[in-house]
Structure formats: structure tokens, C-alpha cells
Amino acid sequence: MSKLLLAGLEDAARTRGWTVLRLETGPRQPEAIALYERAGYRSIPAFGGYVDEPDAGCSLYYERVLGPA
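Just so we're clear, the structure is a prediction, and the values are computed from it rather than from any experiment.

How each quantity is defined
- Residues numbered from 1 in each chain as written.
- Predicted model: local features only at pLDDT ≥ 70, side-chain atom pairs only at ≥ 80, totals over all residues.
- Heavy atoms only, no water.
- Phe/Tyr/Trp six-rings, centres within 6.5 Å; stacked < 30°, edge-to-face > 60°.
- Helix = DSSP H or I, 4+ residues; strand = E, 2+ residues; numbered from the N terminus.
- Buried < 20%, exposed > 50% of the residue type's maximum accessible area, 1.4 Å probe, protein only.
- Pairing = 2+ DSSP bridges.
- Core = buried A, V, L, I, M, F, W, Y, C linked by side-chain atoms within 4.5 Å.
- Axes fitted to C-alpha atoms, helices over the stretch in contact; angles between N-to-C directions.
- Contact = heavy atoms within 4.5 Å.

Undergrad: I would appreciate a short explanation of the packing of aromatic side chains in the present structure.
TA: The description of an aromatic ring pair uses the distance of the two centres, along with the angle that the planes make with each other. Enumeration over the complete set of coordinates arrives at 5 aromatic pairs. When the centroid spacing of 5.9 Å and the interplanar angle of 85° are considered together, the rings of Phe 47 and Tyr 61 count as edge-to-face. Of this pair, Phe 47 sits in the loop between strand E2 (42-44) and strand E3 (60-65) while Tyr 61 sits in strand E3; the two residues are 14 residues apart in sequence, bridging distant segments of the chain. Seen from their ring centres, Tyr 50 and Tyr 61 are 5.3 Å apart, and the 55° between their planes marks the pair as tilted. Of this pair, Tyr 50 sits in the loop between E2 and E3 while Tyr 61 is found in strand E3, placing the two residues 11 residues apart along the sequence. Note on Tyr 50: relative accessible area 31%, which makes it partly exposed.

Given below as C-alpha cells:
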């Protein structure tokens, strides 16, 4: 189910012309981390508004470059 939901979100992003997706998750969510990594997301540093957050180091950040639809 989670794989289908993630794929649906990625398809919706492509429809809108987005080429990159970024996300934040927590280290205590191993199932989510595994899902993102299996789907091709790669670990990145904090981004956007997360950069200046005092708790930014408590989260994990991921990015995936989307291919064509």
C-alpha cells in the first residue's frame, strides 16, 4: 500500500512538472526510511526551512530526481 501511495504522489508531482522531490523523516521510522531508499531516494543534507531549525539534526532528509512519466 505504501509503495502505491508514494508512486501516486510521484506521478502527481510529474503531472505538475516537478522534477525533484525532497522529504524529511525521522530516524525512528525505519519502515519509512526503507521505503524511500527502495524507491530511489538518496540521503541529502537539511534543505529549505529545515536548515536553520534547531532540531534539524534530529531528522533525516531525502531527495529523488523524477524521471519522465
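Undergrad: Teacher, can you tell me more about the pairing of strand E1 (residues 20-25) here?
TA: Sheet faces and side chains relate simply in a regular strand, where the side chains alternate between the two faces. Only one face of E1 is buried, namely the one carrying Leu 21, Leu 23 and Thr 25, since none of Val 20, Arg 22 and Glu 24 on the opposite face is buried. Note: E1 against E3, 6 bridges, orientation antiparallel. In the sheet register, Leu 21 faces E3, and the bridge partner there is Arg 64.

Undergrad: Would you mind showing me how to read the nonpolar core here?
TA: Inside soluble globular proteins, nonpolar side chains tend to come together where they are buried. Counting residues in hydrophobic clusters, the biggest one holds 11 residues: Leu 6, Ala 13, Leu 21, Leu 23, Ala 32, Ile 33, Leu 35, Tyr 36, Tyr 41, Tyr 62 and Leu 66. Mapped by element, the contributors of at least two residues to this core are helix H1 (2-15), E1 and helix H2 (30-38). In terms of residue count, the dominant contributor to this core is H2 (4 residues).

Undergrad: What is the right way to look at the sheet that holds E2 in this model?
TA: Strands belonging to one sheet form pairs held by backbone hydrogen bonds; the direction of such a pair is parallel or antiparallel. Strands sit in the order E1-E3-E2 across an open sheet of 3 strands; the sheet is antiparallel. Looking at the sheet topology across the chains shown, the edges are occupied by E1 and E2. Averaged over all pairs of adjacent strands, the angle between their axes in this sheet comes to 35°, without regard to strand direction. Along the sheet, H2 contacts E1 and E3; its crossing angle with E1, the most-contacted strand, is approximately 165°.

Undergrad: Explain the pairing of E3 here, please?
TA: The pairing of E2 with E3 spans 3 bridges and is classified as antiparallel. Counterpart to Ile 44 in the pairing with E3 is Tyr 61.

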